[in-house]
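# Structural features, examined
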Amino acid sequence: MSTLNTQASALSLKQLSYLLAVAETLNFTRAAELCFVTQSTLSGGIAELERTLGVQLVERDRQRVALTPVGIEVAQRAQSILSASRDLMVRAQMAADPASGEFRLGVIPTIAPFLLGSILSKTNADLPQLALRVRESQTAALLQELEQGDLDAALIALPIDLGKLKAFPLFEEPLRLVAHRNDPLCKTAGVRLRDVDTRRLLLLEKGHCLRDHTVSACSAKQRDGSSHDDNLIEASSLSTMVQLVNSGLGCALLPDMAIQAGLLNNTEVKQIALAAPAPSRQIALITRNSHPKLHFIETTLCPLLVACQPA
């Protein structure tokens, strides 16, 4: 066996996971806690990895911990290796029955409150052996976790740059313009979205894809040169945004599923009829091309999710 092959065989997934924990925390004590080992075990594993590779991966003294340039590169490659190893384990475990075992699903906040109940109920009924674990977070975080192998799939809204990830479009969802019932917009039939003053358009805070979809659906700039960057109010959730609209502070674009779920109930917020073409977003399930359950995701899970869309 060559020296190179001997070194490669000496690498362990555990050592690579130790390095990733150090890269994430830049602290040996917290990294050891993440890995559920003692600090001496983690330090020994990192040292053994450095001896195997013949390079220093981590700079450490009493004041600071930092990865060397080659340590950063090794950590990036280690992430891909660990992600592939997880997929390999899932493939082996699920070969007999892909509809069993754990499945980790990420969902964005503008979908989760309105579809999750239906999704979990239908999964329990149709796929009783599948343990669906759900995580709610913003799109960028979910896509990163998906690429790293920490999620199996993510339910998000398109369009968005997916890189190398694979999208299974599920259904198109209208976006509805809403305002307080006394707002002049409510007294106009067939409002054209491009004529809405974007300075009055309330947005979710940065990181929510609905914010980007709203900005794309409306004209980017008004005739006086103002833009969406001039907006002073940003909401952290759809519920907050509806309450701001209810206070007469502006108008907003809401997902149709939120309105059907009753988000406007007990408010004076009204839906405004828009002239065609109406804005929309595409709901899609995202996963890795290499995922061992790719066929199951496409042929079983996607149809289940389509059946959960609001009537």
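Structural data are supplied above this passage.
Residues numbered from 1 in each chain as written. Predicted model: local features only at pLDDT ≥ 70, side-chain atom pairs only at ≥ 80, totals over all residues. Heavy atoms only, no water.

### Here we look at the pairing of strand β3 (residues 101–107)
- Counting buried positions along β3 gives 5 out of 7 residues, so the element sits mostly inside the fold.
- Note that β3 and strand β4 (residues 130–136) share 7 bridges and pair parallel. Among the inter-strand pairings, glycine 106 is bridged to a residue of β4, identified as arginine 135.
- The parallel pair β3 and β4, bridged by helix α6 (residues 112–126), forms a crossover whose chirality is right-handed.
- In the sheet, β3 pairs with strand β5 (residues 153–158) via 3 bridges, with the strands oriented parallel. (Buried < 20%, exposed > 50% of the residue type's maximum accessible area, 1.4 Å probe, protein only. Helix = DSSP H or I, 4+ residues; strand = E, 2+ residues; numbered from the N terminus. Pairing = 2+ DSSP bridges. Right-handed = clockwise from strand over helix to strand, strands pointing away.)

### So, the pattern of salt bridges
- Tallying each qualifying case throughout the model produces 15 salt bridges.
- Among the salt bridges present, the one from aspartate 126 reaches lysine 122, with a minimum N-O distance of 3.0 Å. Here aspartate 126 and its partner lysine 122 are both found in helix α6, 4 residues apart, which amounts to about one turn of the helix.
- Of the residues examined, lysine 122 reaches a relative accessible area of 27% and is grouped as partly exposed. (Salt bridge = Lys/Arg side-chain N within 4 Å of Asp/Glu carboxyl O.)

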